[in-house]
Amino acid sequence: MKELVRNILLNNKPKPQRKEASAFAPSNIALCKYWGKRDDLMNLPHQSSLSISLGNKGAHTKIAVSENAYDQITLNGSIVDGSTLFAKRLIHFLDLFRQEQNIYFNIETVINIPVAAGVASSACGFAALTKALNNLYQWNLSNEKLSILARLGSGSACRSLWHGFVMWQAGVLDNGMDSYGVPLPYQWPELRIGLFIISNKRKSLSSREAMQQSVQHPKIYKEWVIQAEKDFQSIYNAIKRHDFQRFAENVEANAQILHVLIQKTNPNAHYSLSETNKTIQKIKTLRKNGLPLYYTQDAGPNLKLIFLKENVDSVSQHFPNVFIIDPFAYHNPDYN
Ligand code: PMV
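Described in the following lines is the structure provided in the data block. This is a predicted model, so every value here is computed, not measured. (Residues numbered from 1 in each chain as written. Predicted model: local features only at pLDDT ≥ 70, side-chain atom pairs only at ≥ 80, totals over all residues. Heavy atoms only, no water.)

### What to know about the overall build of the protein
Counted only if it meets this: The way it works is that DSSP assigns letters per residue, a run of H or I at least four long becomes a helix, a run of E at least two long becomes a strand, and they are numbered from the N terminus. C-alpha atoms define the radius of gyration, and 2.2 Å times the number of residues to the power 0.38 defines the globule rule. For each residue, the accessible area found with a 1.4 Å probe, counting protein chains only, is set against the maximum for its type, and the residue is called buried under 20%, exposed over 50%, and partly exposed in between. In this description, contact between two residues means that some pair of their heavy atoms is separated by no more than 4.5 Å. Using a 1.4 Å probe, the Shrake-Rupley method yields the accessible areas, and only the shown protein chains count as cover for residues. Under this rule, positive means Lys or Arg and negative means Asp or Glu; His and the chain ends count for nothing. Just so you know, the charge point we use is NZ for Lys, CZ for Arg, CG for Asp and CD for Glu.
From N to C terminus, the protein includes 9 helices and 13 strands. Radius of gyration (C-alpha) of the protein: 19 Å, near the 20 Å computed for a compact globule of 336 residues. With the principal axes as the frame, the protein shows a C-alpha extent of 65 × 45 × 40 Å. Going through the 336 residues of the protein one by one, you find that 55% of them count as buried. Put simply, of all contacts in the protein between residues at least 6 apart along the chain, 76% involve residues at least 24 apart. Roughly 14,900 Å² of accessible area belongs to the protein as shown, and the carbon and sulfur atoms make up 49% of that amount. A gap of 2 Å separates the mean positions of the 37 positive and 27 negative side-chain charges of the protein.

### Focus: the pairing of strand E5 (residues 72-75)
Going by this rule: Two strands are counted as paired when DSSP detects at least two bridges linking them.
Bridge count between E5 and strand E7 (residues 105-111): 4 bridges; the pairing is parallel. Bridged to Leu75 within E7 is Thr109. The pairing of E5 with strand E6 (residues 78-79) spans 2 bridges and is antiparallel. Each bridged residue has a counterpart across the sheet, and for Leu75 the counterpart in E6 is Ser78. The hairpin formed by E5 and E6 contains 2 residues between the paired strands, and Asn76 there has a positive phi angle of roughly 45°.

### A short note on the site of the ligand
The cut-off we apply is this: Near residues are defined by distance, with any heavy atom within 4 Å of the molecule or strand qualifying the residue. Identification of polar contacts relies on pairs of N or O atoms within 3.5 Å, with a donor-acceptor requirement for protein atoms, meaning one able to donate a hydrogen and the other able to accept it, and with residues adjacent in sequence counted only if both atoms are side-chain atoms. Any residue that is not Ala, Val, Leu, Ile, Met, Phe, Trp, Tyr, Cys, Pro, Asp, Glu, Lys or Arg is counted as polar, Gly included; the first ten are nonpolar and the last four charged.
Close contacts around the ligand come from 13 residues, with Tyr34, Ser154, Ser156, Arg159 and Asp298 the closest. Within the side chain of Asp298, an N or O atom sits 3.2 Å from an oxygen atom of the ligand. For the ligand, whose accessible area on its own is 380 Å², the fraction buried by protein is 91%. Of the residues in the shell around the ligand, the class split is 5 nonpolar, 5 polar and 3 charged.

### So, helix H2 (residues 85-95)
This is how it is decided: As used here, the arc is the angular range of directions from the helix axis to the C-beta atoms.
Burial in H2 covers these residues: Ala87, Leu90, Phe93 and Leu94. Seen end-on, H2 carries its buried residues on one side only, within an arc spanning 125°. Looking at the packing, one finds that the buried side of H2 touches E5, E7, helix H3 (121-137) and helix H4 (143-153).

### Description of the packing of aromatic side chains
Selection rule: Stacked, tilted and edge-to-face are the three classes assigned to paired rings of Phe, Tyr and Trp, where Trp is represented by its six-membered ring and a pair needs centres within 6.5 Å; plane angles under 30 degrees give stacked, over 60 edge-to-face, the rest tilted.
Per the counting criterion, the structure on display carries 14 aromatic pairs. Ring plane angle 55° and centroid distance 5.4 Å describe the contact between Phe165 and Phe328, whose orientation is recorded as tilted. Residue Phe165 is found in strand E8 (residues 165-169), and its partner Phe328 is found in the segment after strand E13 (323-325); the two are separated by 163 residues along the sequence. Phe328 shares its class with Phe165; the two are buried. Their ring planes at 80° and their centres at 6.4 Å tell us that Trp188 and Phe244 sit as a pair that is edge-to-face. Of this pair, Trp188 sits in the loop between strand E9 (180-183) and strand E10 (191-196) while Phe244 sits in helix H7 (residues 244-265), and the two are 56 residues apart along the sequence.

### Quick word on the pattern of salt bridges
Short version of the rule: Should a side-chain nitrogen of Lys or Arg be within 4 Å of a carboxyl oxygen of Asp or Glu, the pair is scored as a salt bridge.
Tallied over the full model, the rule gives 7 salt bridges. Measuring nitrogen to oxygen at the nearest pair gives 2.8 Å for the salt bridge that ties Asp298 to Lys304. Judged by its relative accessible area of 1%, Lys304 is buried. Look at the salt bridges and you will find they share partners, linking Lys33, Asp298 and Lys304 into a network.

Now the structure itself:
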């Protein structure tokens, strides 16, 4: 991993050029999921994936050089215990950037979505941290390079460097230099995403562990890769043509086969709660009755509803607590 970081930073500034810096990165929701790695350390996937960023929902991160010989992490106003898995992952990521001398940091992150509940909080968290480091050190790296670095923290973070639709091209190189996010040149202003939060509790099985188990079932896992590659093409083409039905049907089907795979390969993983299943039934019934409403689900109980602007009122009426996002409404220069 350090070699990859060296490849990217080359002889770029080894020391922070500022005392503190900050950055924002949006959360992203996978439309065609990434699941399973060909390299566990560098988070290199077996298949390409596609996502939509969530506008102003994401992570604001401030980083400052510390006078202490340890990193301090504050998440949503509370100091994170250094012995937690969350802190260890973050510190491990920071270790990659301690070059000639040991510099420590104070990191304050505010994430305005539920943490570790399958709403991609690690994606926006690592992307914002990578951008904040870039600002602190003044590396002036391209988003492509930042995407590779963010990927080392959490695979899906490599898609959180941009707004709108982003694909993560899987790449083929062993050194990981061709595996990064690429923004799609397509806008879809009528598209809406509804965050339907069923539980804010942290998930019991991380996606990292669940993925590892899935890959250990090569026959079943291979079927997933083949289908996910087909879904990728169908979803990509539907985005290009603004073909909502084709788009949403394929996004939903992709999430469903992911959960079948998870169930088969991780019999003890319970990402869905009874409320999740009830809500899925409700979506399907509403659809039968003529409302073009679909969903996707990641490694958590929460659902993301997919629909068009013309159905905002109906969706809000049926799901009063849904938080509706207009993914193409944000043009903050801070996040390109
Ligand atoms: O990047 P990770 O390790 O948090 O894994 C993300 C896995 C999914 O959210 C289920 C799929 C995806 O592509 O984001």
